[in-house]
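Reading the structure
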Amino acid sequence: MKKVLSALLLLLFFVGCVDKQSVLFIDNMGLCTKSMATLHVNALDIENNAQTFNVTPEEFTIALVNALKETNCFVVSTAKVDGVHTLPSKNDYLLDTKVSLSQDKEKSEENIFKTVEKERLMMMITLQARNNGNRASANAKSEIVIDKSKILGIKPEGDAEGDKRTLLKNATKKVSIALSDAFIKLQ
């Protein structure tokens, strides 16, 4: 009985050691002292090359709007605008967004007790802000590597929703910083 409990304890110890790669905290809070422009969210194109990693347009729009507002550089509107000719002022811009999602899996067998599996989720974002005379663009890429290794056929529980939220938050924060930099160069 002691051998069985010892083996079980050892197995739980090894399973507990399997983890995902840590993700850095990205600080985009208060980059500007005042707003430089009003952004009107316009076109959103999501290209999904992932099997299980999906982000809805609503989820993405909410995360992007929040990240842009956190910078304190932009006022963001989700109300529809007919085109660049109907923008209220020279500080108003249409914001077009392209998002690309991808997912790669890598699997190798180290020995009969352990199978190494890694999954990489990646999100690339391109923003184009334009009005009658100016253009600003920003690109960002964020990825997360998840270790899904199995020991004796047992895989640790994953947090797919948490991984998606982390990746989405990091990507939108990175692109909000890049767009802020592009607008500073416009000034």
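This one's a predicted model, so the numbers in the text were calculated from it and none came from an experiment.

Each value, and the rule that gives it
Note on numbering: residues in each chain are counted from 1, in written sequence order. Where local features are concerned, this predicted model is filtered to residues with pLDDT of at least 70; where side-chain atom pairs are given and counted, the filter is 80 or more; whole-chain, interface and lining totals use all residues. Hydrogens are left out, water is left out, and the side-chain values use all remaining heavy atoms of the structure. A pairing counts as a salt bridge when a side-chain nitrogen of Lys or Arg comes within 4 Å of a carboxyl oxygen of Asp or Glu. Strands here mean DSSP runs of E at least two residues long; helices mean DSSP runs of H or I at least four residues long; both are numbered from the N terminus. Only protein chains enter the accessibility calculation, which uses a 1.4 Å probe. A residue is then buried if its area is under 20% of the maximum for its type, exposed if over 50%, and partly exposed in between. To get an axis, fit a line to the C-alpha atoms, keeping to the stretch in contact for a helix; angles then go from 0 to 180 degrees between the N-to-C directions. These descriptions rest on fixed angle ranges, namely under 35 degrees for roughly parallel, over 145 for roughly antiparallel, 65 to 115 for roughly perpendicular, and the rest for oblique. The hand of a helix crossing depends on one turn: near helix anticlockwise from the far one by less than a right angle means left-handed, and clockwise means right-handed. Here, residues are in contact when the closest pair of their heavy atoms is within 4.5 Å. Charged residues are taken to be Asp, Glu, Lys and Arg, nonpolar residues to be Ala, Val, Leu, Ile, Met, Phe, Trp, Tyr, Cys and Pro, and polar residues to be all remaining types, Gly included. When two cysteine sulfur atoms lie within 2.5 Å, the pair is treated as a disulfide. Joining through side-chain atoms within 4.5 Å is the link that ties buried Ala, Val, Leu, Ile, Met, Phe, Trp, Tyr and Cys residues into a set, and such a set is a nonpolar core. To estimate the expected span of a helix, subtract one from its residue number and multiply by 1.5 Å. For every residue, the pLDDT score states the predictor's confidence, bounded by 0 at the bottom and 100 at the top.

1. Points about the pattern of salt bridges
Tallied over the entire structure, the rule returns 8 salt bridges. K98 serves as the salt-bridge partner of D45, at 3.9 Å between the closest nitrogen and oxygen. Placement of D45 in strand β1 (residues 37-49) and of K98 in strand β3 (residues 92-109) is noted, with a sequence separation of 53 residues between them. The closest approach of N and O atoms between K98 and E47, which form a salt bridge, is 3.7 Å. Here K98 is found in strand β3, whereas its partner E47 is found in strand β1, with 51 residues between them in sequence. Residue class for K98 comes out partly exposed when judged on its relative accessible area of 40%. With relative accessibility at 34%, the residue E47 sits in the partly exposed group. What you see here is one network of salt bridges that share partners, running through D45, E47 and K98.

2. Examining the packing of helix α2 (residues 57-70) against helix α3 (residues 160-186)
Packing of α2 against α3 leaves a shortest axis separation of 8 Å and a crossing angle of 45 degrees. Taken as axis vectors, α2 and α3 run oblique relative to one another. The crossing of α2 and α3 is right-handed. Contacts between α2 and α3 involve E59, F60, A63, L64, A67, L68 and E70 from the former and K164, L168, T172, K173, V175, S176 and L179 from the latter. Counted by class, the contact of α2 with α3 contains 8 nonpolar, 2 polar and 4 charged residues.

3. Let's talk about the state of the cysteines
Applying the stated rule across the entire model yields 1 disulfide. The disulfide bridge from C32 ends at C73, spanning 1.8 Å between sulfur atoms. Between C32 and C73, the S-S torsion sits near 85 degrees, and that sign places the bridge as right-handed. Taken as a pair, C32 in the loop between α1 (2-17) and β1 and C73 in the loop between α2 and β2 (74-77) lie far apart in primary sequence, 41 residues in all. Accessibility classification places C32 together with C73 in one group, the buried group.

4. Structural notes on the nonpolar core
Among the nonpolar cores identified, the biggest contains 37 residues, and L39, F74, M123, L179 and F183 are the most heavily contacted of them. At the level of secondary structure, the elements contributing two or more residues to this core comprise β1, α2, β2, β3, β4 (114-130), β5 (135-147) and α3. Per-element tally for this core: the top contributor is α3, with 7 residues. Those residues within four positions of L39 in sequence are excluded, and the remaining contacts are L68, F74, V75, V76, S77, Y93, L95, A129, L179 and F183.

5. Thoughts on α2
The terminal C-alpha atoms of α2 lie 20 Å apart, and with 14 residues this matches the ideal 20 Å at 1.5 Å per residue to within 8%. For α2, the full list of buried residues reads F60, A63, L64, V65, A67 and L68. A positive phi of about 70 degrees marks N72, the residue just after α2.

6. Some thoughts on the confidence of the model for the protein chain
The predicted structure's coordinates, where accompanied by low pLDDT, should not be read in detail. Per-residue pLDDT for the protein chain averages 84, and the proportion of residues at 70 or more is 82%. The low-confidence segment residues 8-23 (pLDDT under 50) makes 22 contacts with residues lying over four places distant or belonging to another chain.

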